[in-house]
Each structure stands twice: as C-alpha cells, then as structure tokens.
Amino acid sequence: MEEEELEKAVHAYLRKKGFKLSDLALQDQNRLSASSHNDLVLTRLENDPVRYHDGYSKLRSWAYSSLDLYKHELLRVLYPVFIHCFMDLVAEGHMQEARTFFHTFREDHELMHLRDLQKLEGILSPSHLEEMELARTLRQSKVKIKLCEYSYDLLLQYLQKTQSIAMLGIINEHINFEVSAGKPSSIADDADVVALVGSSQDEAKQINQKEVRWGLLEDSIEERLERALSDSEKADVESKEVDPEDNKKRSTDGGKQGASIKKLKKDKLVGVTGKNVRSETSMVSMAPRVKPELPLPVMSIEDEQAILEDLRNRVQLSSLALPSVSFYTFINTHNGLNCSSISNDGSLVAGGFSDSSVKVWDMSKIGQAGKTTTVQGEDGSAQEHMLNSDEGKRQYTLFQGHSGPVYSTTFSPFGDFLLSSSSDCTIRLWCTKLNSNLVCYKGHNYPVWDVQFSPVGHYFASCSHDRTARIWSMERIKPLRIMAGHLSDVDCVQWHVNCNYIATGSSDKTVRLWDVQTGECVRIFIGHRSMVLSLAMSPDGRYMASGDEDGTIMMWDLSSGRCVSPLMGHSSCVWTLAFSCEGTLLASGSADCTVKLWDVTSGTKALKMENKASSGSRLRLLKALPTKSTPVSTLRFSRRNLLFAAGALQKS
C-alpha cells in the first residue's frame, strides 16, 4: 500500500508543477512494468499442469452444487471438458499428471461413456493423439450442447468469476452452445442434447436438408387390400338389396349349401375385420406413394394371395389390444448361439453359432421321429445330418459352409431362402427347401456383423467391421452399391419399407440413412451415447426406431431427421426392435431378459399436428414381459400381427 500512495503523491506533485509529459511518461512506464509482470505470471500458469486438475475440480464441484432444476443441464459440460483436459495434458507431455487426472474423475462418466473412456485410456504418449482416430476426431471437432438461457447465464457468471484460463480455453475451443429460451429440458431428454461426432454439425445439417421420399411403393399390397375390401363391402350391400326370400331359398338348396356357408364366413370376415383392417391400414394408406428406384421382382399370384389372406385375417393391435407372443427358447447352446431369426409365419427358426454352423428348426416337425437327410454343400460334397440330432430332442437341419462364427441370419419374405453372415467375411445364401448352399458372396474385408433381406426379397443389405454397408442382389456375386461414411464398425442394417433406402447403425453412435440408387447418405441421426445395435422401420415408412448398448431406444422422423422421443426403460443392450403391422405398437427385446411394448401413437400424434417435438410427445410403455432367464435376441411380427420372439436360455 505504501508504494501505491507514493506513486499517487508523485503524480499529484508532477501535475501540480505542470510537468504533464513527465507524468504521462511515468504512467506508461508503470503500465509496461505491470504488463511484463502479468505476462510472467501468465506464462508460469500456462505451463503448470495443476491448472487442469484444479480448474476441472472446481467446475465439477460448482455443477454438482447447482440448483436441481439446472444441475442436469450444467453437468453436460463436464464430459467434454474432462476429455479435453486429459488430452491437453498428454499433448503437453505431462503424462503422469494426465493419468492421475484421468483416474481421479473417470468414475463420473463411466455410466454414459464407458466405451470411449476405455479407448482413451490407451493413450500413453502425445503421438497416440494423432494415431488414435477417436482422439484425433475429438480434438478436431466441436461438441454441441443444448442449454436453457438461464443455465447458460449461470455458466458464464461462474467462468467470469473464477477466471480459469484453462477451462475458458477448452470451452471456447471445443464446445458450441445451443441456447434455448424457456425452462430447462427434462433429464429424459438428455439422450440427444450432447453429440460427439467426427463430422461437424454443419455437415450433418447440410446432409439432413436433402429430400427423403419416405412413402410406400405405388400399387402396394396394402392398396390392393383396400380395393378388395371396398369391393367386398359393395358386394355385401348389393346382396342385402336382393329379396331375402330368394336368399333363403338359395341357402336351403342342398347343392349350394357349401357355397352358402363359405359366403356366410366371408360376410362375417368382412363384417368383423373389414373395418379393423381399414383402420389398421389407415396410417399406411395416408402415406404418400413413391416409385421404386430398384427393379422389383415379380411376385407370383400364389404369394400375393397368401399375403392378402394374411392381411384379411390380421388382428388389430392398439394400446388396449396387445399382441399374443410366441417365444422360442434355445437350450443347451453352451453360450455358442450368436444370432437367431424367425420366418414371417413363424414356421422356421434359424440360429447362427460360434462353431460356424447354421441350424434351422421346422416347427411342424418338432416331436416327429428323427430321420437322416443329405445336405449338398457349396463344394459339392455330401454331408449327413440328423433333423433330430438326438432321439427325443429338438430336430434341426444343419447348414455347414462358413469357416468362422456366424453373426447374423435372415429369412426371405416367404421363408424359402436363408442368408447368413460370418467372421469369415462372407455371406451365404441357403435354400430351405433343397437344404443346400446356393451362393457364397464375397466383398467385405472384415467380419460381416449383419445381413437383412429387403421387404420384397431378391435384394439384401450387409454391414461389416470394415465400416461399410453393401447392397446385393441374389443373382450377382458382387455388391451393387457400397455405402461408406461411418467412423467405426457398422453393426446393424435395416431396409426402408419402400426399398429405396437402407438405414445403418454404427459403433460411432450414429444412424445413417442411405439412398440405394445413388449410394449417398441422406440423413445422419445424432443422439445415441453408445453403439447402435438394432433398427426398425414403421410400416408407413415415416418413422425409424433405433436401440443402443445402454438400453436407450430413440424414435426418429425420417422426413425431418429429428428425434420424436427417446425411450428409457431397458437396463441393458437393446438387441432387437419390431413395429406391429399397422404401426401402432413398438416391441423391443433386450439383454435384460424382457420384451417391452410401447405405444407409438402417443409419440407421433403431436408431430403430425405440426407441433415441434417436445418432451410432451413421449412414447408410453404399455407392458413389460419378463422371461425367466432368457435375453431376447430376435423379435418379429407376423403379417397377422402375432409377435414372435427368440433367445437362448442362460444358466444362472
């Protein structure tokens, strides 16, 4: 204090005596001296690794002590600050301090970001930051965080008050805040407020502006059903206008008794199910019609009649009328079952195993005496197997040809073909009628995680560890299209109902929608916090559901690319998803040994009323169906709306 008083006295004396230039020169000298001193202190602080630990620790304590109303929003800032503090310490060469910092605060983020933390833990030197793709991507991109206006003001006030240079630098360089007016979002909305992606948000927004024609194909089976029902109703009205005495005479005629009974059944069918089917397909019938971009196979008259018969006998499902569930349990698999699939009518069940085999069970033959058949392998060799491998036990047909574990199986729409994919980088086509391997498709460079037939058959899509998805046709051994763009493994693939698009889910925590004709990505869906394991498309083609490793399910609007509603309910991986045929229900199967049924209409009504997707438009959990000890690996609705499920029994 004495130095300051002395300086003031000197300045006052110089001004009193009229030495203004001397006074100004003295002031400049004092400013330069103070500036050099501050620069020295700042340089010392910038090289001090403790600043990251202290700055983050104080920010963390402040966030956790905030008001509950805003706490969950402010906590979103911690994870990106944490990983960039760690990587900055590594980049500056403070390896020991970086390890200490990482292990001190790691536990805060393990629940939501365990997989990323496991990868980042392998960074042992500054050179690893450039060699590891995840670290390089994180350092080059920005995080988008959504905050309400008041939460954002609180954060700014804290940063201005503490003047933590390290925290200010990280937040300015690596975080973009999306500030919204009004109340803070709910905790349940956290699923899509933080996005860590390799591509910039601007790129995703640019891609999501492309047009997506999400409607159904022209002259679809549903349209034909509508016309058939309309004709049936007209015929019913005309029959009522005929003289009832004539009807009575015709019905008592012995030669036409069978026809009369048949017509009565038909009238009953139209009367009971006609309105139901019409209301079931109302959501579908309102969907716009689009032209196919791929040449579609010609469907036989028998297949069309079979589909129409199934549609006529379809059970209407709603929140008040839940589906019947038929569950197939694999036993004695000895942890060797990797995947399973069920044919559309539930008559065939396939399993892919770690010993490279594929086994198919015919439900109609279970319980019959075992018999031996011959399966013709791809190389022409004859292989013997038992439909009933052990007398009195379940019977199956054994398909052998892969040279590595089988990770995916899928039946064609009518069950006459089966596809399987394997770690041997190949996809094989099997004929379930001939019990033989028809084709081996080669193209992927690494294990093929998933393969799916298109809704019309003939075409199929695959995805792999090589970060690509590919589209194939049955008669060509090379892929028709290769979709590349994901930053990590592509774990699951699903066709759009009009066959013009496929969706892919990846370990990079994003879902992408691809145009099958151009091979271009037309949507990037950002919001998952772990690898995406399952996908499903709604029957009208407008919505898509995706499930991830953390147990979160997200419902997306394909036209806008926005999340309609996140679903929180499962406690483990969501392995499979399926929409009911009329699109009113969503079924989810998980490693937590439950099947959950969700009311889709409660989440989509608000969107159709052109209201913005808010926390109010949330899907409602209708029912949870627990198994005794069987993780659910496969779900499928039949065309008649019976829900099939499958999984392998786990011994406790």
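Conventions we followed
Residues numbered from 1 in each chain as written. Predicted model: local features only at pLDDT ≥ 70, side-chain atom pairs only at ≥ 80, totals over all residues. Heavy atoms only, no water. Salt bridge = Lys/Arg side-chain N within 4 Å of Asp/Glu carboxyl O. Helix = DSSP H or I, 4+ residues; strand = E, 2+ residues; numbered from the N terminus. Buried < 20%, exposed > 50% of the residue type's maximum accessible area, 1.4 Å probe, protein only. Expected span 1.5 Å × (residues − 1). Contact = heavy atoms within 4.5 Å. Phe/Tyr/Trp six-rings, centres within 6.5 Å; stacked < 30°, edge-to-face > 60°. Lys NZ or Arg CZ within 6 Å of the ring centre and 35° of its normal. Arc of directions from axis to C-beta. Polar contact = N/O pair within 3.5 Å; in protein donor to acceptor, adjacent residues only side chain to side chain. UniProt positions renumbered as here; feature names shortened; annotations may be inferred.

Draft legend 1. Seen up close, the pattern of salt bridges. Scanning the model with the defined rule gives 13 salt bridges in all. One salt bridge in this structure joins glutamate 121 and arginine 106, with 2.8 Å as the shortest N-O distance. You can see glutamate 121 sitting in the loop between α7 (110-120) and α8 (126-131) and its partner arginine 106 sitting in the loop between α6 (95-105) and α7, a full 15 residues away along the chain. Residue classification places glutamate 121 among the partly exposed positions, given a relative accessible area of 27%. The shortest N-O distance in the salt bridge between aspartate 599 and arginine 620 comes to 3.2 Å.

Draft legend 2. A look at helix α10 (residues 149-162). The end-to-end C-alpha separation of α10 is 20 Å, in line with the 20 Å expected for 14 residues at 1.5 Å each. The inward-facing, buried residues of α10 contact α3 (50-64), α4 (68-74), β1 (143-148), α11 (165-174) and β2 (175-180). Positive backbone phi, approximately 55°, marks glutamine 163, located one or two places after α10.

Draft legend 3. The arrangement of the packing of aromatic side chains in detail. Here the structure, examined in full by the defined rule, presents 20 aromatic pairs. Each member of the aromatic cluster is reached from another via a ring pair, and the members are Tyr56, Phe82, Phe86, Phe101, Phe102 and Phe105. Just above the ring of phenylalanine 102 sits the side chain of arginine 99; from NZ or CZ to the centre is 5.7 Å. Sitting above the plane of the phenylalanine 353 ring, lysine 359 keeps its charged end 4.7 Å from the centroid.

Draft legend 4. Representation of α3 in the model. Between its first and last C-alpha atoms α3 spans 21 Å; for 15 residues at 1.5 Å apiece the expected length is 21 Å, and the two agree. Of all the positions in α3, only Arg51, Tyr52, Gly55, Tyr56, Leu59 and Ala63 are classed as buried. Along the axis of α3, the buried positions cluster into a sector of 115°, meaning they face one direction only.

Draft legend 5. A look at the environment of serine 341. Secondary-structure assignment places serine 341 in strand β7 (residues 337-342). For the pair serine 341 and threonine 634, spaced 293 residues apart in sequence, the C-alpha separation works out to 6.2 Å. Every residue in contact with serine 341, bar those within four places of it in the chain, is listed here: Leu348, Val349, Ala350, Thr409, Thr410, Phe411, Leu418 and Thr634. Here the side chain of serine 341 touches threonine 409 through a polar contact of 2.9 Å, side chain to side chain.

Draft legend 6. Local environment of the UniProt feature "repeat: WD" (unreviewed entry) in the protein. Mapped onto this numbering, the UniProt entry gives "repeat: WD" (unreviewed entry) at residues 330-364, 399-430, 441-482, 483-524, 525-566 and 567-608. The span residues 330-364 shows a helical share of 0% and a strand share of 54%, and its end C-alpha atoms are spaced 17 Å apart.

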